[in-house]
Amino acid sequence: MGISLEKHSQLLKLSALLLDYPRVELREESLALHALIRTCDLSEAQRDGLAALLNELCQGDILDVQARYDGLFERGRSVSLLLFEHVHGESRDRGQAMVDLMDRYTQAGLVIDVNELPDYLPLYLEFLALLDAESACAGLVEVAHILALLALRLEERGSAYAAVFHGLLELSGERPDFGALKRDREQEVRDDSLEAIDKAWEETPVSFTEPAAGCPSTSARRISSAAEQPMQWVAQPVPQMQYRAAREGV
């Protein structure tokens, strides 16, 4: 990969932090995070994109920033940060995939202390940050097709968050065929409109034991933020920041 263990870990943690639910702590550490962006091993264009996103997250009322985040990631599946939404949907295979992913986290010594599903992308990135550079790169390659789709869909929405996904793809070394992805994307129907969400509610049977597929309330991030749970950062720090995933015994 041509990137040191420390730098790859910091970049993955930075990406996880930028993709997580926006909080005041992010603004308090903005200067340190900007310094990290300026020194990360990405192209100038990618560094500029990350800096622009960080600036956007640090401007205006934090409640407005959080509302925009909810409106982007919590509405429909097309830009969901739950990886298995894009692979398994609501199929039975998703449950086993969750179990397998949790086993990988456990084997890596990852301690999870907040209410998140295992396939929540920021959590997956924190897991990769614990690995050596080669293994972390392989982990990004595993989900490169999802990262590319999310980058494309976010660009179509004019979202600065697309920069994070392009940065992760650059870090992985993968070069997806965006031309082919765009052609496929033209056949898709966006599922984040109010009409599409209403239709999902109408077509989904009511269940008191399973989340309603395609509905905003299925998101683990929604569960956490609605309860106003403070983030518990307990691992290796990026300058003055701590993360909620840690190696056992460290």
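Residues numbered from 1 in each chain as written. Predicted model: local features only at pLDDT ≥ 70, side-chain atom pairs only at ≥ 80, totals over all residues. Heavy atoms only, no water.

### Considering the overall build of the chain
So, step 1. When helices and strands are counted, the chain shows 13 helices and 2 strands.
So, step 2. Expressed as a percentage of its 250 residues, the buried residues of the chain come to 51%.
So, step 3. Of the contacts made within the chain by residues no fewer than 6 positions apart, 66% connect residues no fewer than 24 positions apart.
So, step 4. In the structure as shown, the chain presents an accessible area of about 12300 Å², 51% of it carried by carbon and sulfur atoms. (Helix = DSSP H or I, 4+ residues; strand = E, 2+ residues; numbered from the N terminus. Buried < 20%, exposed > 50% of the residue type's maximum accessible area, 1.4 Å probe, protein only. Contact = heavy atoms within 4.5 Å. Areas by Shrake-Rupley, 256 points an atom, 1.4 Å probe, with all protein chains shown as cover.)

### Remarks on helix α5 (residues 62–73)
In an α-helix there are 3.6 residues to a turn, and that puts residues three or four apart on one side.
So, step 1. The terminal C-alpha atoms of α5 lie 16 Å apart, and with 12 residues this matches the ideal 16 Å at 1.5 Å per residue to within 8%.
So, step 2. Along α5, the residues that are buried comprise Ile62, Val65, Gln66, Tyr69, Asp70, Leu72 and Phe73. Each buried residue of α5 sits inside an arc of 165° when the element is viewed along its axis, so together they form one side.
So, step 3. If you check the start of α5, you find a side-chain oxygen 2.7 Å away from the backbone N of Leu63, and it comes from Asp61. (Expected span 1.5 Å × (residues − 1). Arc of directions from axis to C-beta. Polar contact = N/O pair within 3.5 Å; in protein donor to acceptor, adjacent residues only side chain to side chain.)

### Some points on the packing of helix α8 (residues 133–142) against helix α10 (residues 162–172)
So, step 1. For the pair α8 and α10, interaxial distance at closest approach is 9 Å and the crossing angle is 125°. With respect to α10, the element α8 is oriented oblique. Between α8 and α10 lies a crossing of left-handed hand. Each of Cys137, Leu140 and Val141 in α8 lies in contact with α10, whose residues at this interface are Leu168, Leu171 and Ser172. (Axes fitted to C-alpha atoms, helices over the stretch in contact; angles between N-to-C directions. Parallel < 35°, antiparallel > 145°, perpendicular 65-115°, else oblique. Left-handed = near helix turned anticlockwise from the far one by under 90°.)

### Here's the deal with the packing of helix α3 (residues 30–39) against helix α4 (residues 44–57)
So, step 1. Across the interface, α3 lies against α4 with an axial gap of 9 Å and an inter-helix angle of 170°. Taken as axis vectors, α3 and α4 run roughly antiparallel relative to one another. Counting all contacts with α3, which are made through Ser30, Leu33, His34, Ile37 and Arg38, the residues of α4 involved are Arg47, Leu50, Ala51, Leu54 and Asn55.
So, step 2. Across the contact of α3 with α4, the residue classes tally to 5 nonpolar, 3 polar and 2 charged. (Nonpolar A, V, L, I, M, F, W, Y, C, P; charged D, E, K, R; others polar.)

Just distances and angles here, no functional claims.
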